[in-house]
Amino acid sequence: MERMLVLKGDNYEVGVKAGTALAKLIKKAVVYYRGLIKKLSANKPAQTRDRISRYKKFLMKEGEAYYKELVGTAKGSGIALDDIILLNFRTDLLNREAKQNEKPHECTSIGLVANKTKDGKIIVSQSWDFLCAPDKFILMIDYRINKKPRFITMAEAGMLGKIGINETGLAVNTNLLACGYSSIGMSTALLLRKSLEQESVQGVIAAVTNQQRAGTSYILCGDKDLLLGIEYTPDDYAVIMPEDGILLHTNHFLAPKFEHFDYNRKGVESTFTRIASARQMLDSIEGGIDVEDIKRILADKHVTVKGTGADKYTDWATHRRLISVPVEKKLLIANMFGDGKYVTYTM
């Protein structure tokens, strides 16, 4: 079972509590991501520092609550605020600065509408594939922030959120996308956090599309009634609808308007084989799909990524498999660096 941290209070208070409880892990995460960005970056360190400074100014003006929480995390951990910001913008920094020969093998998500499942309940699921080294930074956080819906998220130490489900039954998942440029705005991680603070899929659409965005990614979201996906870049977005009750996504854009600059179409052939394999397995199931079917598909050799851990900066693997049932307010997680068994978290 993952470590669980319960955080109560306002944004600054939960930041201080998280920083205090996770100081050692946060420090290790900062050291790792500094090294990763240095290795993969096409820019000089001074350019990265300038980018972080610009992110900070943006948050002070447009993301005050999150800025206060980051300040609290820095205070509690004794780690510089710029390093806490680096953690929360690490996806956007890497997406922006990665050398052209660095190609990710990332996540596969599967969403099912109610009439496609055996018990008539929407399912939101994914594999979370990433570099092997950050496994030691991962934990579960139960956020109970004043005047916000309670939510549980799988996150990395020092980061304010990632994949999870909230008390209204809204589930939020993500897949990496890349378009070759970035901007100043809300980070990928903070957009996921903001999504988890909504009460419906409609709220997620508004939270993501009405926001200045730093990077490029995909969000799969579902509540008890609706399921859809959002592909976004810093200056545009597309809402992706299920086809025949199924919504599959890997690491290439599905919206035609984004195809012309789809960075991940070149050199990451697995983005196509993973989505094709998942579709074929889903189409072969008769009589309705259930959670056990999703577990089997996420574990299939054509969908999962096996790493060796040989190189902390280049070796990728499936870290976690996550399945949410929004109407039951339930999240199941299997740790592939542990025993691989699913643990259930219920709101």
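The preceding data block contains the structure.
Summarised in this report is the structure supplied together with it. None of these values were measured; they are calculated from a predicted model.

Considering the sheet that holds strand 1 (residues 4-9)
The sheet built from 8 strands is open, its strands ordered 1-4-5-6-7-8-9-10 with mixed pairing. Only two strands of the sheet have a single partner each, and these edge strands are strand 1 and strand 10 (237-240). Recorded for the sheet is a direction-independent mean angle of 20 degrees between the axes of neighbouring strands.

Thoughts on the layout of surface pockets
Each pocket or cavity is described by its volume, and for the second largest pocket that value is around 350 Å³. Around the second largest pocket, the lining is made up of 14 residues, and of these Arg34, Pro45, Thr48, Arg49 and Leu86 lie nearest the centre. If you list the elements that add at least two residues to the lining of the second largest pocket, you get helix 2 (23-40), helix 3 (45-62) and helix 5 (81-88).

Regarding the sheet that holds strand 3 (residues 123-131)
In space, the 6 strands of this open sheet follow the order 11-2-3-12-13-14, with antiparallel pairing throughout. For this open sheet the edge positions go to strand 11 (246-249) and strand 14 (342-346), each flanked by a neighbour on one side alone. The sheet shows a mean angle of 15 degrees between the axes of neighbouring strands, taken without regard to direction. Sheet topology note: the strand 2 (residues 108-112)/strand 11 ladder contains 4 bridges and is antiparallel. Note on strand 11: the bridge partner recorded for Gly111 is Leu247. Contacts from helix 9 (residues 270-283) reach strand 2 and strand 11, with the element oriented near 155 degrees to strand 11. The sheet strands contacting helix 10 (residues 291-298) are strand 2, strand 3, strand 12 (316-325), strand 13 (330-335) and strand 14, and the helix crosses strand 12 at an angle near 170 degrees.

Section: unusual backbone geometry
For residues besides glycine, phi is generally negative; the peptide bonds are generally trans as well. With a phi close to 55 degrees, Asp244 is a non-glycine residue in the positive phi region. Take Asp244: it is sitting in the loop between strand 10 and strand 11. Classification of Asp244 by relative accessible area gives exposed; the value is 56%.

With respect to the state of the cysteines
What is meant by a disulfide is a covalent connection between two cysteines, made through their sulfur atoms. If you walk through the whole model with that rule in mind, you get 0 disulfides. Take Cys132: it sits in no disulfide, and the sulfur closest to it among the cysteines is that of Cys107, at 13 Å. You can call Cys132 buried: its relative accessible area is 10%. Take Cys179: it sits in no disulfide, and the sulfur closest to it among the cysteines is that of Cys107, at 18 Å.

Notes on the side chain of Lys295
Within the element layout of this structure, Lys295 appears in helix 10. Among the polar contacts listed, one links the side chain of Lys295 to the side chain of Glu292, at a separation of 3.2 Å. Sequence-distant contacts of Lys295, that is, excluding residues within four places in its chain, are made with Ile323, Leu332 and Tyr342.

Quick look at empty space enclosed by the protein
All chains considered together, the criterion is met by 1 cavity of 30 Å³ or more. Looking at the largest cavity, its volume works out to about 80 Å³. Residue lining of the largest cavity: 14 residues in total, with Ala18, Thr73, Tyr143, Met159 and Leu160 positioned closest to the centre. Elements represented by at least two residues in the lining of the largest cavity include exactly helix 1 (11-21), helix 4 (64-77) and strand 4 (138-145). Residue classes in the lining of the largest cavity are distributed as 9 nonpolar, 4 polar and 1 charged.

How each quantity is defined
Residues numbered from 1 in each chain as written. Predicted model: local features only at pLDDT ≥ 70, side-chain atom pairs only at ≥ 80, totals over all residues. Heavy atoms only, no water. Pairing = 2+ DSSP bridges. Helix = DSSP H or I, 4+ residues; strand = E, 2+ residues; numbered from the N terminus. Axes fitted to C-alpha atoms, helices over the stretch in contact; angles between N-to-C directions. 1 Å grid on protein atoms, 1.4 Å probe; cavity = no way out; pocket = protein on both sides within 12 Å on 5 of 7 lines; lining within 4 Å. Points joined across faces, edges and corners; volume = space filled by probe spheres on them. Contact = heavy atoms within 4.5 Å. Buried < 20%, exposed > 50% of the residue type's maximum accessible area, 1.4 Å probe, protein only. Disulfide = S-S within 2.5 Å. Polar contact = N/O pair within 3.5 Å; in protein donor to acceptor, adjacent residues only side chain to side chain. Nonpolar A, V, L, I, M, F, W, Y, C, P; charged D, E, K, R; others polar.

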